[in-house]
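Each chain, letter by letter, is given below.
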Amino acid sequence: MSTVTLSKETLNPFEIAQKQFETAADYLKLDAGMRSMLKTPKRQLIVSIPVRMDNGEIRVFEGYRVQHSLTRGPAKGGIRYHPDVTLDEVKALASWMTWKCATVNIPYGGGKGGVRVDPRTLSLGELERLTRRYATEISVIIGPDRDIPAPDVYTTPQTMAWIMDTISMLHGHTELGCVTGKPLSLGGSKGRHEATARGCQVTTRLACELKGINLSSATVAVQGFGNAGSIAAALLHEDGAKIIAASDSKGGIYSRKGIDPVEALKFKEQTGSLFNFPDAEPITNRELLQLNCDILVPAALENTITLENADRIKAKIVAEAANGPTTPAADAILAEKGILVIPDILCNAGGVTVSYFEWVQDLYGFFWSEIEVNKYLERTMTNAFKEVHATAEKHKVNMRTGAYILAVGRVAEATQVRGIFP
Ligand code: GLU
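Attention in this report is confined to the structure presented alongside it. Keep in mind that this is a model prediction, so the values were computed, not measured.

1. Quick word on the overall build of the protein
Line of reasoning, step 1. Within the protein, the regular secondary structure consists of 14 helices and 12 strands.
Line of reasoning, step 2. Computed over the C-alpha atoms, the radius of gyration of the protein is 21 Å, within 12% of the 22 Å expected from 2.2 N^0.38 for a compact globule of 422 residues.
Line of reasoning, step 3. When its C-alpha atoms are laid out on the principal axes, the protein stretches across 65 × 55 × 55 Å.
Line of reasoning, step 4. The 422 residues of the protein split such that 58% are buried.
Line of reasoning, step 5. The long-range fraction of contacts in the protein, counting pairs at least 24 apart against all pairs at least 6 apart in sequence, stands at 68%.

2. Some words on empty space enclosed by the protein
Line of reasoning, step 1. Considering all chains together, one arrives at one cavity of 30 Å³ or more under this definition.
Line of reasoning, step 2. Counting residues per element, the ones that place at least two in the lining of the largest cavity are helix H1 (13-28), helix H2 (32-39) and helix H3 (87-103).

3. What about the pairing of strand E8 (residues 251-254)?
Line of reasoning, step 1. Burial along E8 is two-sided: the residues Gly251 and Ile253 and Gly252 and Tyr254 are all buried.
Line of reasoning, step 2. Bridging between E8 and strand E9 (residues 281-283) involves three bridges; their strand directions are antiparallel. Paired with Ile253 across the bridge in E9 is Pro282.

4. As for the site of the ligand
Line of reasoning, step 1. The immediate surroundings of the ligand are formed by 14 residues, with Lys76, Lys100, Lys112, Asp152 and Ser355 found nearest.
Line of reasoning, step 2. Within the contact set of the ligand, an oxygen atom lies 2.8 Å away from a side-chain nitrogen or oxygen of Lys76.
Line of reasoning, step 3. Between Lys100 and the ligand, the recorded distance is 2.6 Å, taken from a side-chain N or O atom to an oxygen atom.
Line of reasoning, step 4. Compared with its free state, where it exposes 290 Å², the ligand has 94% of that area covered by protein.
Line of reasoning, step 5. Of all elements in the fold, only strand E3 (75-82), H3, strand E5 (147-151) and helix H12 (350-364) reach the threshold of two or more residues within the shell around the ligand.
Line of reasoning, step 6. Among the residues forming the shell around the ligand, the class breakdown is four nonpolar, five polar and five charged.

5. Focus: helix H4 (residues 124-138)
Line of reasoning, step 1. Spanning 15 residues, H4 covers 21 Å between terminal C-alpha atoms, matching the ideal 21 Å at 1.5 Å per step.
Line of reasoning, step 2. All buried positions along H4 are accounted for by Glu126, Leu127, Leu130, Thr131, Tyr134, Ala135 and Ile138. Relative to the axis of H4, the buried residues are bounded by an arc of 160° and lie together on one face.
Line of reasoning, step 3. As for H4, its buried residues are in contact with strand E1 (43-52), strand E2 (58-69), E3, strand E4 (110-116) and helix H5 (157-171).

6. Observations regarding the nonpolar core
Line of reasoning, step 1. Ranked by internal contacts, the top residues of the largest apolar core, which has 82 residues, are Leu38, Trp96, Trp99 and Val297.
Line of reasoning, step 2. Here this core gets nine residues from one element, more than from any other, and that element is helix H14 (residues 399-418).
Line of reasoning, step 3. Those residues in contact with Val297 that lie beyond four places of it in its chain are Cys200, Val220, Ala221, Val222, Gln223, Leu236, Ala319 and Ala321.
Line of reasoning, step 4. Val47, Ile49, Met53 and Ile141 belong to the second-largest nonpolar core, a separate cluster that totals 24 residues.

7. Quick notes on the side chain of Asp294
Line of reasoning, step 1. Within the secondary structure layout, Asp294 lies in the loop between helix H9 (285-289) and strand E10 (295-298).
Line of reasoning, step 2. Classification of Asp294 by relative accessible area gives buried; the value is 14%.
Line of reasoning, step 3. Engagement of the side chain of Asp294 in a polar contact is seen with the side chain of Lys316, the distance being 2.7 Å.
Line of reasoning, step 4. Beyond its immediate chain neighbours, meaning those up to four positions away, Asp294 contacts Ile213, Ser217, Ala218, Thr219, Ala315, Lys316 and Ile317.

8. Here we look at the packing of helix H13 (residues 370-395) against H14
Line of reasoning, step 1. Packing of H13 against H14 leaves a shortest axis separation of 8 Å and a crossing angle of 105°. On the basis of their axis angle, the class for H13 and H14 is roughly perpendicular. In this structure, H13 contributes Phe385, Glu387, Val388, His389, Thr391, Ala392 and His395 to the contact, and H14 contributes Met399, Gly402, Ala403, Ile405, Leu406 and Arg410.
Line of reasoning, step 2. Across the contact of H13 with H14, the residue classes break down as seven nonpolar, four polar and two charged.

Parameters and conventions
- Residues numbered from 1 in each chain as written.
- Predicted model: local features only at pLDDT ≥ 70, side-chain atom pairs only at ≥ 80, totals over all residues.
- Heavy atoms only, no water.
- Helix = DSSP H or I, 4+ residues; strand = E, 2+ residues; numbered from the N terminus.
- Rg over C-alpha atoms; globule rule 2.2 N^0.38 Å.
- Buried < 20%, exposed > 50% of the residue type's maximum accessible area, 1.4 Å probe, protein only.
- Contact = heavy atoms within 4.5 Å.
- 1 Å grid on protein atoms, 1.4 Å probe; cavity = no way out; pocket = protein on both sides within 12 Å on 5 of 7 lines; lining within 4 Å.
- Points joined across faces, edges and corners; volume = space filled by probe spheres on them.
- Pairing = 2+ DSSP bridges.
- Near = heavy atom within 4 Å.
- Polar contact = N/O pair within 3.5 Å; in protein donor to acceptor, adjacent residues only side chain to side chain.
- Areas by Shrake-Rupley, 256 points an atom, 1.4 Å probe, with all protein chains shown as cover.
- Nonpolar A, V, L, I, M, F, W, Y, C, P; charged D, E, K, R; others polar.
- Expected span 1.5 Å × (residues − 1).
- Arc of directions from axis to C-beta.
- Core = buried A, V, L, I, M, F, W, Y, C linked by side-chain atoms within 4.5 Å.
- Axes fitted to C-alpha atoms, helices over the stretch in contact; angles between N-to-C directions.
- Parallel < 35°, antiparallel > 145°, perpendicular 65-115°, else oblique.

Given below as structure tokens:
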């Protein structure tokens, strides 16, 4: 009897991003030259960041800023502080930003930054010095009409305020439009803090309509309880859904009766984790992903749903609030099981959409009400969802490939009409 060994899938995010791109490029019948242009990052900057720690020692951290595409406008994308950040991860995240901005049709290319650091181990002063030095190092390529950073994993409006101040000091004038996701007191936009989650809510509502699921009685499990996950849980709860489980990097909580996400967030802010939240049982991240529920929201990091667990996912909808949570091999399994995946480049695009609104408001010096921001956000997300769904139907593919065909097609067309310099 022969034994079949499953070939192990790659978990390298940049290889995954390239594979997703190639699938769309095949449908679009792009030639080899266009493919190489679209999949190669335009600029990759690696910087070393010396920081004087509180005890007087100097530590040097490695940081990155990758601009994947500048074809449809300035590069746009967050900055991540995480001990596991790598250049390949930042390259993948930068290319996902290109496709994300094109999916929701906002005039940006894609970029991403990262610093290899665990910010939870630094004091506020150390974090500020690290951020200001990193901002100075990448100042040679960022700016309101070149590349506009924003928050990502473990960076906050305060981080953006320090970057904005550093760039403004270097330029000799206040440069509001050089980063988004800033505090409201400093050119931030109303609604930006909730925007990623609100986009996730809008697309989840539309996905529920497609699947014939009543959101007001649906069950939801949320993996990752940061900005995207915790607010998505609160918004879906407002829609009547029951949050049966939630988790963070330290573990999760589960209750069939339902968890109040607002109370859970307060508890996490007070105690540092969800662990021991009253009236809920502990659950591992692994168990959470495999729960019997209607909607699963992966809202943490890449490679969460893989070849190893895809077959055990029981949700009917996977709403990707995180970037890159599902590997291509897992995607194929979910599709076979009839699970509707709202792909990351659509599902979590609400964040960059309101970043775009923030940048527009900063450049005009004219600010909108929260009602206006949310109205334009909902319209942008609804249009994008419909276009992605129509593209997927036309080519008889899943929503991810539909989104990639739409996005890669838009960037390819812009590349074609611009032509090659010189
Ligand atoms: N970091 C977020 C993302 O991955 C937001 C990017 C932005 O607002 O520029 O989409």
